[in-house]
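Survey of secondary and tertiary structure
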Amino acid sequence: HVPPSAASPPDSPSLYLFAGLTCTEQNFITKASFHQAASEHGLIIVAPDTSPRGCNIDGEEESWDFGTGAGFYVNATEDPWKTNYRMYSYVVEELPQLINGNFPSDPDRISVFGHSMGGHGALICALKNPGKYKTVSAFAPICNPVQCPWGQKAFSGYLGSDTNKWEAYDATHLVKTYSGSQLDILIDQGKDDQFLSAGQLLPDNFIAACTERKIPVVFRLQEGYDHSYFFITTFINDHIKHHAKYLNA
């Protein structure tokens, strides 16, 4: 999405959306109703497909939460995943270069948000690259993957059995040593999210770590909402406004 204002200089700020498990770029583009708010605030929205597909790796299609559609925003170190499953480098380095080379985007004004696995991706990218992103937000993020079944399955497969390596991609661990520029974090979480009650998301652990480090985080538990795009559509304008405040400052 390129806003009407991008037709004239200066270059526009861009907001990157990282998708959740199984999602392609189409989920957010077709379901999130973000266009009006993004145009009003003059934001370019970049909604890539952020998981590897069709790598012809044995076992990549066996489950929905590992392999195809489940890159988890890590650079895999284990065979047979390490050649293709380098989604961290892709979203942090390769993709912004492509976007800045082909669209009227200001490389110094970028921001990031995501849903579920993508919320995890947004949080770790912001925490691992102080100053790169103006701010970060997330819908129902996987906050502490080393402690949840999804994360343990993915990380052991992509990163091996050394759990110290896992912590480099865990927002709750990263926040404990974060010492970069001020980050203002917004998280929305549906109270009736089946994955929250199943212990996959663990936002409380992340909030506790932020509080301890005095890192500002607004955490909103939204009554009556689940993990779906109805939840995202309802609160997307708040998130775009949150990012615009910092991107247009």
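Residues numbered from 1 in each chain as written. Predicted model: local features only at pLDDT ≥ 70, side-chain atom pairs only at ≥ 80, totals over all residues. Heavy atoms only, no water.

The line we're drawing: UniProt positions are given in the numbering used here, feature names are shortened, and annotations may be inferred rather than shown by experiment.
As recorded in an unreviewed UniProt entry, the protein goes by the name S-formylglutathione hydrolase, listed as coming from Staurois parvus. Taken directly from UniProt, the Sequence similarities (unreviewed entry) text for the protein runs: "Belongs to the esterase D family." Listed in UniProt under the heading Catalytic activity (unreviewed entry), the comment for the protein reads: "S-formylglutathione + H2O = formate + glutathione + H(+)".

**Examining the pattern of salt bridges**
Should their charged atoms come close, side chains of opposite charge can pair. Spelled out, the test is: Between Lys or Arg on one side and Asp or Glu on the other, a salt bridge is scored when a side-chain nitrogen of the former is within 4 Å of a carboxyl oxygen of the latter. Elements are defined by DSSP. Helices are runs of H or I of four residues or more, strands are runs of E of two residues or more, and each kind is numbered from the N terminus. Only protein chains enter the area calculation, which uses a 1.4 Å probe; residues under 20% of their type maximum are buried, those over 50% are exposed, and those in between are partly exposed.
A complete count under the given rule lists 7 salt bridges for this structure. Of the charged contacts, one joins Lys153 and Asp65 as a salt bridge, the two residues approaching to 2.7 Å between their closest N and O atoms. Of this pair, Lys153 sits in helix H5 (residues 149-159) while Asp65 sits in the loop between strand S2 (44-46) and helix H3 (87-102), and the two are 88 residues apart along the sequence. Of the residues examined, Lys153 reaches a relative accessible area of 35% and is grouped as partly exposed. Looking at Asp65, the relative accessible area reads 11%, which means it is buried. Here Asp238 makes a salt bridge to Arg220, at a shortest N to O gap of 2.8 Å. Here Asp238 is found in helix H10 (residues 229-247), whereas its partner Arg220 is found in strand S6 (residues 217-222), with 18 residues between them in sequence. Look at Asp238 and you get partly exposed, because its relative accessible area is 35%. A single network of salt bridges, built from pairs that share partners, joins Asp188, Arg220 and Asp238.

**Structural notes on the pairing of strand S1 (residues 12-18)**
This is how it is decided: Each pair of strands is called paired provided DSSP finds at least two bridges between the two strands.
Of all 7 residues in S1, 7 are buried; the element is thus mostly enclosed. One ladder, built from 6 bridges, connects S1 with strand S3 (residues 105-115); its direction is parallel. Looking at S3, one finds that Ser14 is bridged to Ile110.

**Topic: the packing of aromatic side chains**
For clarity, the threshold we go by: Whether two aromatic rings pair depends on their centres lying within 6.5 Å, for rings of Phe, Tyr and Trp, where Trp uses its six-membered ring; planes under 30 degrees apart make the pair stacked, over 60 edge-to-face, and the rest tilted.
Scanning the entire structure with this criterion turns up 18 aromatic pairs. Ring plane angle 20 degrees and centroid distance 5.1 Å describe the contact between Phe18 and Tyr73, whose orientation is recorded as stacked. Taken as a pair, Phe18 in strand S1 and Tyr73 in the loop between S2 and H3 lie far apart in primary sequence, 55 residues in all. The exposure classification of Phe18 matches that of Tyr73, with both residues buried. Centroid distance Phe113 to Phe139: 6.4 Å. Interplanar angle 50 degrees. Geometry classified as tilted.

**So, the sheet that holds S3**
Just so we agree on the cut-off: To define axes, lines are fitted to C-alpha atoms, for helices over the stretch in contact only, and angles between the resulting N-to-C directions are given on a 0 to 180 degree scale. Throughout, a contact is declared for two residues whenever any of their heavy atoms are within 4.5 Å.
In space, the 6 strands of this open sheet follow the order S2-S1-S3-S4-S5-S6, with parallel pairing throughout. Bordering the open sheet on either side are S2 and S6, each of which pairs with just one other strand. Taking the axes of each pair of neighbouring strands and ignoring which way they run, one obtains an average angle of 20 degrees across the sheet. Relative to S6, strand S5 (residues 185-190) runs parallel, the two being bridged by 6 bridges. Residue pairing for S6: Gly190 is matched across the bridge by Gln222. Sheet strands touched by H3: S1, S2 and S3. Its angle to S1, the strand with the most contacts, is close to 135 degrees. Where helix H9 (residues 203-212) meets the sheet, it contacts S5 and S6, and its direction lies at approximately 155 degrees from that of S6.

**Examining the pairing of S3**
Across the 11 residues of S3, 8 count as buried, placing the element largely inside the fold. As defined by bridge partners, S3 adjoins strand S4 (residues 136-139) across 4 bridges and the pair is classed as parallel. Looking at S4, one finds that Phe113 is bridged to Ser137.

**Concerning the side chain of Thr68**
Here is the rule we go by: Under this definition, polar contacts are N or O atom pairs within 3.5 Å; protein pairs additionally need one hydrogen-donor-capable and one acceptor-capable atom, and for neighbouring residues in sequence, both atoms have to be side-chain atoms.
Position of Thr68 relative to the elements: it lies in the loop between S2 and H3. For Thr68, the side chain forms a polar contact with the side chain of Glu61, separated by 3.1 Å. Aside from chain neighbours lying at most four places away, what touches Thr68 is Pro52, Arg53, Glu60, Glu61 and Tyr85.

**A look at the environment of Gly160**
Along the chain, the position of Gly160 falls in the loop between H5 and helix H6 (163-167). A residue is classified by how much of its surface remains accessible, and Gly160, at 8% relative accessible area, is buried. Along the chain, Gly160 and Gly101 lie 59 residues apart, while their C-alpha atoms are 35 Å from each other. Those residues in contact with Gly160 that sit more than four places away from it in its chain are Glu78, Phe155 and Trp166.

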